[in-house]
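# Observations on chain architecture
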Amino acid sequence: MNGTIRVGNLFGIPFYIHPSWFLVLGLVTWSYSSGLAAQFPQLSAGLALLLGLMTALMLFASVVAHELGHSFVAIRQGIDVKSITLFIFGGLASLEKESKTPGEAFWVAIAGPMVSLLLCGIVTAIGVTTTASGPLAAILGVLASVNLALALFNLIPGLPLDGGNILKAIVWKITGNPYKGVTFASRVGQIFGWVAILSGIVPLLFFGSFGNLWNLLIGFFLLQNAGNAAQFARVQEKLTGLTAEDAVTIDSPIVSANLTLREFADERVISGQNWHRFLVTDDDGQLVGAIAVDNLRSIPTAMWSETQIKEVMRPITESTTVQSDQPLLEVMQLLEQQKLSVLPVIRENGVLVGILEKTAIIQLLQSRTQPNPA
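All of the points below concern the structure found in this document. Remember, predicted model here, so these are calculated numbers, not experimental data. (Residues numbered from 1 in each chain as written. Predicted model: local features only at pLDDT ≥ 70, side-chain atom pairs only at ≥ 80, totals over all residues. Heavy atoms only, no water.)

### Here we look at the pairing of strand E10 (residues 352-357)
Successive side chains on a regular strand alternate, one facing one side of the sheet and the next facing the other. Here is the rule: Only protein chains enter the accessibility calculation, which uses a 1.4 Å probe; a residue whose area is less than 20% of its type maximum is buried, one above 50% is exposed, and one in between is partly exposed. Every helix listed is a DSSP run of H or I at least four residues long, and every strand listed is a run of E at least two residues long, numbered separately from the N terminus. For two strands to pair, DSSP has to find at least two bridges joining them.
Across the 6 residues that make up E10, a large majority, 5, are buried. Examined bridge by bridge, strand E9 (residues 342-346) and E10 share 5 bridges and lie antiparallel to one another. Directly across from valine 342, in E10, lies its bridge partner glutamate 357. In textbook terms, the turn of a hairpin is the stretch between consecutive antiparallel strands, and for E9 and E10 this stretch comprises 5 residues, one of which, glycine 350, has a positive phi near 90°.

### Observations regarding helix H9 (residues 328-337)
Taken residue by residue, H9 has Leu328, Leu329, Val331, Met332, Leu334 and Leu335 as its buried positions. Backbone geometry just after H9 places lysine 339 at a positive phi near 55°.

### Section: the side chain of threonine 260
Put simply, the test is: By definition, residues are in contact when any of their heavy atoms lie within 4.5 Å.
Position of threonine 260 among the secondary structure elements: in the loop between strand E5 (254-256) and helix H8 (261-269). Contacts of threonine 260, omitting those with residues within four sequence positions, involve Trp304, Ser305, Thr307 and Gln308.

### Concerning the environment of glutamine 77
The topology assignment puts glutamine 77 in the loop between helix H2 (45-76) and strand E3 (81-87). Taking C-alpha positions, glutamine 77 is 7.5 Å from serine 99, a pair spaced 22 residues apart along the chain. With residues near it in sequence (within four places) discarded, glutamine 77 still touches Ser99, Glu104, Trp107 and Val108.

### A closer look at the sheet that holds E9
Applied cut-off: Here an angle of 0 to 180 degrees is reported between the N-to-C directions of two axes, which are lines fitted to C-alpha atoms, with helices fitted over the stretch in contact.
Pairing is mixed across the open sheet formed by 3 strands, whose spatial order is E8-E9-E10. The outermost strands of the open sheet, each flanked by one partner alone, are strand E8 (322-323) and E10. Two elements, E8 and E9, share 2 bridges in a ladder whose sense is parallel. Considered in E9, the bridge of valine 322 is made with valine 345. Docked against the sheet, H9 engages E8, E9 and E10, running at close to 145° with respect to E9.

### Here's the deal with the sheet that holds strand E1 (residues 5-10)
The strand order E1-E2-E3-E4 describes an open sheet built from 4 strands, whose pairing is mixed. The strands lining the two open edges of the sheet, one partner per strand, are E1 and strand E4 (90-95). Taking each pair of neighbouring strands and ignoring which way they run, the sheet shows an average axis angle of 25°. Across the sheet, H2 is in contact with E1, strand E2 (13-17), E3 and E4; its angle to E3 comes to roughly 165°.

### Focus: the pairing of strand E6 (residues 277-281)
Extensive coverage of E6 is indicated by the burial of 4 of its 5 residues. Summarising the sheet, E5 and E6 pair through 3 bridges and their orientation is parallel. Note on E6: the bridge partner recorded for isoleucine 254 is leucine 279. Bridge count between E6 and strand E7 (residues 287-292): 5 bridges; the pairing is antiparallel. Its bridge partner being in E7, leucine 279 is matched across the sheet by alanine 290.

Right under this line is the structure:
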C-alpha cells in the first residue's frame, strides 16, 4: 500500500503505518518531553523522554480511535473497511464503498469527530475528578486539548475532512445528487486549502517566519485531495447509468473453439487483425477460454490443419470476467484494483458479449464530455 507497513489488525481491520509517521512520532515525543522537562525541572531527562513518548503514543491512539469511529459505523451499514492507515497528517479509514443514503453518509462522517469529543470529555473528567497534578495533569491536559482540536479541525466543512463529508451528505440530501455534494464540498475544501497556504506563505515572505509552515503543508494536502475528490466525482457522474455492455469493443477478438489453427491463422492473424489475444466460445456462444497468437508457436505448422483451438486454448475463470449489466463504475474500479487493461464481458447465461478495454472507458468519458453540436 504505497510503501506503508502493515502492523496487524484492529478489530479485524488491517492496520498500516506510513513511514512518515515515525518521523512525526519522534518530533512529537521530543516536543512534549522538552516541554515537560522545562515545566517540571525535577524530572530526569530519561523520565521526561519516557513521558513524552507515552504522550505521543496516546495522541496517535486518539487518532486511531477517531478512525475506528468512522469504521464501526460503516461496518454497521454493511460497508467493508479495507484498512486504517496512520500517516503524517493523521489517519485514514479506507472504505470499500460509499454509503447508500445521505443520512448514512452523514453518520459515517460525523462518527470520528464525535469519538474525539467523547475522548476529550472523558480525559477532562478524569483530570477533574482525580485532582491530578504535576506531569500527569499536564499530560491529561494535552490529551484533552488535542482531541478537541482533532474534532474541530476535522469538522471544517471541506473535503477531504470529515466536515466536508458532512457537507457532502447535506447537499446530497437537498439536491438528491451525491456527486453535486462531492463537487460542492470539494470546492469548499479547495478554498480552505488556499487559505491555509496563504497563512503559511505570508508570514514567511514578509517576516521570514516559519511558524506557520505546518499550515502550508496542510493547505497543499487539502488542495490536492479536494481536487482529486472533485475529479473522481465528475467521472462517477458521467458513468452513472452505464453498464459494462455499453463499453464493449465493437468487433471484439472472438473465435470459435472448433476452428482449426490454420483457419484461425488465415482468418484472424494473417488477415491483418492487430489483436494478440482472442476469446474462445463454444457452439452456444459461451466463453470457454482464450488463445494468444504466441500459442501457435507451440504447435508445428504441419499440424495446424488438424488441431483445433479448443486443444490449445487456456481456460478463463469467472473471477476474470464481468457481467454485462454490471455498473461501469464498478468495472472501472475493478480494472484499477487488479491492474488490468481488458476484461471479458458475459451475460448471465454465460454467453460472451465481447471485451471491455480501459481505453474504451476513457474514450466513452471523453465523448460524454464533448458538447453536442448545435
